[in-house]
There are 2 protein chains.
Amino acid sequence: MRTPSHPRPQELELPNVLHALSDPVRLEIVRALDGGSELACSCLGPPVSKSTLSHHLKVLRESGITSTRAEGTQRLVSLRTEDLEACFPGLLGCVLSGLDRQAV
Amino acid sequence: MRTPSHPRPQELELPNVLHALSDPVRLEIVRALDGGSELACSCLGPPVSKSTLSHHLKVLRESGITSTRAEGTQRLVSLRTEDLEACFPGLLGCVLSGLDRQAV
DNA sequence: CGGGTCGTTCGAAGCTTTTCGAAAGATCAA
DNA sequence: TTGATCTTTCGAAAAGCTTCGAACGACCCG
């Protein structure tokens, strides 16, 4: 299983990033990754089928929000915190704290 | 022409707000409103048909990003800067500066 | 009242998104 | 090799989004 390709930092586009963040399932995934942990697909997100989860991870990866790395039979997913901070300073933090605020 | 209804601050939802901001036409509208000006529909956004513009303004309004006020035959649209800041601190600013950064 | 301007709503076309189960691919362990 | 595990891809259904023109509604000025 190969590590898939990721957009380069200068290729990140704001509408894509915002769109990727506008889905509740994907927000949940982003929240689970907050803190810098590198998690396998099976640890992420609310209960959806594995094909659905795979789809959402693809959207996050292709928008530049997450990074996915092959490790044996697993895929380890993490946030591209630094690249996001360089492209859209503060954005990820705002979204995460907005999430917490609404999590109630 | 009546002033339409708007969601209350506590009703703003992060996925809705992010979705509303994830469209290039709507981002353009938000950028035009940045600075606090109150603009008529006809002053906003890239060249799209008026029904399309009306639709995008409705999405922005219903997500809580903009406020629309009737003034004679016009509708004056403005950003709900304070409400957004209260619900999702920093978000609007990040998005606007990210926009500038990509505007090139 | 009549006509003009501003904006919304309706109806529709084309495209994308979300979701799932079934099947296939990749890796490891025995 | 065979089987088990983890994940992606395929195919498909249902829902939603973006866009437009045409029609309508609200308001203002002569």
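One can find the structure itself at the top, above this paragraph.
Description of the structure in this document. None of these values were measured; they are calculated from a predicted model.

## Details of the packing of helix H2 (residues 24-33) of chain A against helix H5 (residues 91-103) of chain A
Residue and element names in this part refer to chain A.
- At a closest axis distance of 11 Å, the pairing of H2 and H5 adopts a crossing angle of 105°. Classified by the angle between their axes, H2 and H5 sit roughly perpendicular to one another. Taking contact as the criterion, the partners of Leu27, Val30 and Arg31 in H2 are, on H5, Leu92, Val95, Leu96, Leu99, Asp100 and Ala103.
- Its residues assigned to classes, the contact of H2 with H5 comprises seven nonpolar, no polar and two charged.

## Considerations on the sheet that holds strand S3 (residues 74-79) of chain B
Residue and element names in this part refer to chain B.
- With antiparallel pairing, the three strands of this open sheet are ordered in space as S1-S3-S2. Each of the sheet's edge strands pairs with one partner strand only, and the pair in question is strand S1 (39-40) and strand S2 (66-71).
- Of the pairings in the sheet, the one linking S2 to S3 comprises six bridges and is antiparallel in character. For glutamate 71, the partnering residue across the bridge sits in S3 and is glutamine 74.

## So, the state of the cysteines
- All chains considered together, the criterion is met by zero disulfides over all chains.
- Not part of a disulfide, cysteine 43 of chain B finds its nearest cysteine sulfur in cysteine 41 of chain B, a span of 8.8 Å.
- When its relative accessible area of 51% is taken as the criterion, cysteine 43 of chain B is described as exposed.
- Just so you know, cysteine 87 of chain B is unpaired, no disulfide at all, and the nearest cysteine sulfur is the one on cysteine 94 of chain A, 13 Å from it.
- Overall, cysteine 87 of chain B belongs to the buried group, its relative accessible area being 13%.

## Quick notes on helix H3 (residues 50-63) of chain A
All names here are of chain A.
- With 14 residues, H3 extends 20 Å between its outermost C-alpha atoms, agreeing within 8% with the 20 Å of an ideal straight helix rising 1.5 Å per residue.
- Considering only its buried residues, H3 is in contact with helix H1 (14-20), H2, strand S2 (66-71) and strand S3 (74-79).
- Immediately beyond the C-terminal end of H3, within one or two residues, lies glycine 64, with a positive phi of roughly 100°.

How each quantity is defined
Residues numbered from 1 in each chain as written. Chains lettered and ligands numbered in written order. Predicted model: local features only at pLDDT ≥ 70, side-chain atom pairs only at ≥ 80, totals over all residues. Heavy atoms only, no water. Axes fitted to C-alpha atoms, helices over the stretch in contact; angles between N-to-C directions. Helix = DSSP H or I, 4+ residues; strand = E, 2+ residues; numbered from the N terminus. Parallel < 35°, antiparallel > 145°, perpendicular 65-115°, else oblique. Contact = heavy atoms within 4.5 Å. Nonpolar A, V, L, I, M, F, W, Y, C, P; charged D, E, K, R; others polar. Pairing = 2+ DSSP bridges. Disulfide = S-S within 2.5 Å. Buried < 20%, exposed > 50% of the residue type's maximum accessible area, 1.4 Å probe, protein only. Expected span 1.5 Å × (residues − 1).

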